[in-house]
Structures are given as C-alpha cells and as structure tokens.
Amino acid sequence: MKSVLITGAGRRIGAHLARHLGAKGWHVFVHYNRARAEAEDVAAEIRAQGGSASTLGADLADEQAASRLIAACEAVGPLTLLINNASLFLYDSAATTSFAAMEANMRVNLYAPVMLAQAFYTALKARGAEGVVINLVDNKVFALNPDYFSYTLSKVALQGMIQMLAMACAPTLRIAGIAPGITLISGAQSQAEFERTHNNNPLGRGCTPEQIAGAVDFILASPSYHGQTLVIDGGQVLQRRPRDIAFLARDAANADI
C-alpha cells in the first residue's frame with residue numbers, strides 16, 4: 001500500500017488532504033503537534049470510509065522530534081510521499097520582528113521540511129526506492145509584500161529549498177511545491193471579510209482545499225514535474241499588491257462605510 005506523511009494534518013488544509021488521499025487508497029500518517037484529538041478524528045474518519053490511517057505526534061520546532069517522524073513511518077511500512085503542510089503563521093512586521101520570531105518561523109516552516117526531506121531521502125536510498133515531496137508554500141512568495149514578515153521570509157526560503165533539493169536529491173526524491181492564495185478563514189476574519197479577500201483577484205474566485213488536493217493529484221500523476229511550484233490564487237500575484245490581501249480588503253471595506 002502507498003503511504004503518505006502529511007504534517008499538520010489534524011486541521012484545515014492538512015486534514016482535507018488526509019481525507020482526500022485516504023479515500024484514494026493511501027495509508028495516511030496524520031501528523032499533529034497540539035491537535036491530537038482532531039488528528040485522531042481525521043484518522044478515524046478515513047478508517048470509517050474503508051481507508052487506512054494512523055496518527056503521529058511531534059513538535060516540528062524540535063529537531064530530534066522532526067527527524068524521528070520518517071523512521072516512525074518507515075517502521076509501519078515504506079513511505080512513498082511526504083507533504084510538508086504544517087506552518088507557523090503569526091503576524092509581525094519589519095519594525096516589530098525579532099530574532100526569536102524569525103527563529104520560530106524558520107524552525108517549523110523551513111528547518112523541519114529540510115530535515116524531513118533529508119531523512120526521507122536517506123530511507124529511500126537505503127531501500128533503493130524513489131519518493132515524492134510536496135511542500136505547501138504561499139503565493140506571497142511570487143508577489144512579495146512586507147506583512148507577516150518572518151513568516152514570509154521562511155516561505156521564501158522554503159521555495160529556494162524546493163529548487164535546491166530538486167537539484168541535489170533527484171532521482172531518488174522528486175520535489176514540488178504548491179503555493180495557494182488565501183483558501184480558508186484565517187485568524188479573526190469574519191465570513192464577509194474572507195469572501196472579499198478570497199475573491200479579490202482577476203478571476204474573482206480564489207483557491208479552495210479541493211483545488212489544492214487536485215494539485216497534489218496532478219503532481220503525483222506527472223512524473224516529470226520536478227523542482228517547480230504551482231500557484232493557485234486566481235491570478236492575484238499578477239496584481240502586485242503592496243500589502244497582504246486580507247488587510248487591503250479590510251481597508252477597502254472600511255473606506256466604504
């Protein structure tokens with residue numbers, strides 16, 4: 001049976017991808033940090049639908065805990081796919097960031113994906129197999145603005161990692177990325193704020209979890225797709241916004257009052 005480790009799979013996009021791949025016959029390792037109950041629910045739902053799933057807990061900010069995840073998967077069965085979905089997403093700016101803030105974002109959003117890919121590569125080499133790593137980036141990387149400063153720095157570095165690992169680890173590892181625009185309600189957003197933000201792009205419609213799952217399917221079905229990142233945002237990056245779209249949409253709404 002094919003198996004996949006999805007980090008941060010107890011909630012939101014990670015949970016959707018877990019259910020999607022579970023329904024397609026993958027054994028899903030549902031990783032969580034604090035969301036153990038939610039991860040157990042996702043795994044139970046997959047099993048209830050006739051699929052196969054198990055949960056793994058680890059703090060991705062801890063190097064040793066992150067590095068042990070691959071071995072834990074391999075102890076159950078050969079790992080085929082790694083999806084680096086988990087992400088730390090906290091607001092700061094160039095004026096307010098700190099060494100600690102940058103370090104916290106880098107540990108979860110960059111260092112852990114590197115260490116997981118490294119351990120996955122080593123495991124595949126040992127058994128003479130090939131695998132795929134898919135990284136969730138962010139469309140901000142392709143149209144930079146200074147909001148969420150530390151988070152954005154970590155995602156810019158993650159995009160660089162995709163290209164560097166693609167060069168270093170082929171053909172054992174095939175590496176790809178998906179860079180969605182705003183997909184789900186975030187933070188203190190209201191439903192109305194989310195809808196304004198989600199549709200604020202040339203197409204008037206934004207990314208959905210279903211489209212991200214479709215992008216995963218495309219990457220898996222395209223054995224020559226390597227070292228590249230799919231952007232799914234309705235063309236928002238073409239607008240080169242000066243701030244994060246969530247703040248622009250809120251400012252526009254307030255101006256209309």
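Structure shown above.
Definitions and cut-offs
Residues numbered from 1 in each chain as written. Predicted model: local features only at pLDDT ≥ 70, side-chain atom pairs only at ≥ 80, totals over all residues. Heavy atoms only, no water. Pairing = 2+ DSSP bridges. Helix = DSSP H or I, 4+ residues; strand = E, 2+ residues; numbered from the N terminus. Axes fitted to C-alpha atoms, helices over the stretch in contact; angles between N-to-C directions. Contact = heavy atoms within 4.5 Å. Buried < 20%, exposed > 50% of the residue type's maximum accessible area, 1.4 Å probe, protein only. Polar contact = N/O pair within 3.5 Å; in protein donor to acceptor, adjacent residues only side chain to side chain. Parallel < 35°, antiparallel > 145°, perpendicular 65-115°, else oblique. Left-handed = near helix turned anticlockwise from the far one by under 90°. Nonpolar A, V, L, I, M, F, W, Y, C, P; charged D, E, K, R; others polar.

Here the focus is the sheet that holds strand β5 (residues 131–136). Sheet architecture is open: seven strands sit in the order β3-β2-β1-β4-β5-β6-β7, paired in parallel fashion. Among the strands making up the open sheet, the edge pair consists of β3 (52–57) and β7 (228–232). Strand after strand, the sheet turns through a mean of 20° between neighbouring axes, direction not considered. Helix α2 (residues 36–48) rests against β2 (27–32) and β3 of the sheet, and its axis sits at about 165° to β3. On top of the sheet, helix α3 (residues 63–76) reaches β1 (3–6), β2 and β3; it is set at about 150° to β2, its chief contact.

Turning to the environment of alanine 157, a few remarks are in order. Mapping alanine 157 onto the fold places it in helix α5 (residues 149–169). With relative accessibility at 26%, the residue alanine 157 sits in the partly exposed group. For the pair formed by alanine 157 and valine 141, sequence separation is 16 residues and the distance between their alpha carbons is 9.2 Å. Residues within four places of alanine 157 in sequence aside, it is in contact with Met106 and Leu110.

Summarising the element assignment, asparagine 84 is placed in strand β4 (residues 81–84). Here asparagine 84 falls in the buried class, since its relative accessible area comes to 4%. Only 2.9 Å separates the side chain of asparagine 84 from the side chain of asparagine 135, close enough to count as a polar contact. For asparagine 84, the contacting residues outside a window of four places in its chain are Thr7, Pro113, Leu116, Val133, Ile134, Asn135 and Leu136.

Moving on to the packing of helix α4 (residues 99–126) against α5. Running from N to C, α4 and α5 point in directions that differ by 20°, and their axes come no closer than 8 Å. Of the possible angle classes, the one that applies to α4 and α5 is roughly parallel. In this structure, the crossing between α4 and α5 has a hand that is right-handed. Across the interface between the two elements, Ala101, Met102, Asn105, Met106, Asn109, Leu110, Pro113, Val114, Ala117 and Tyr121 of α4 pack against Ser150, Tyr151, Leu153, Ser154, Ala157, Leu158, Met161, Leu165 and Cys169 of α5. When grouped by side-chain class, the residues that make up the contact of α4 with α5 number 15 nonpolar, four polar and no charged.

As far as function goes, none of this settles anything; it's purely spatial.
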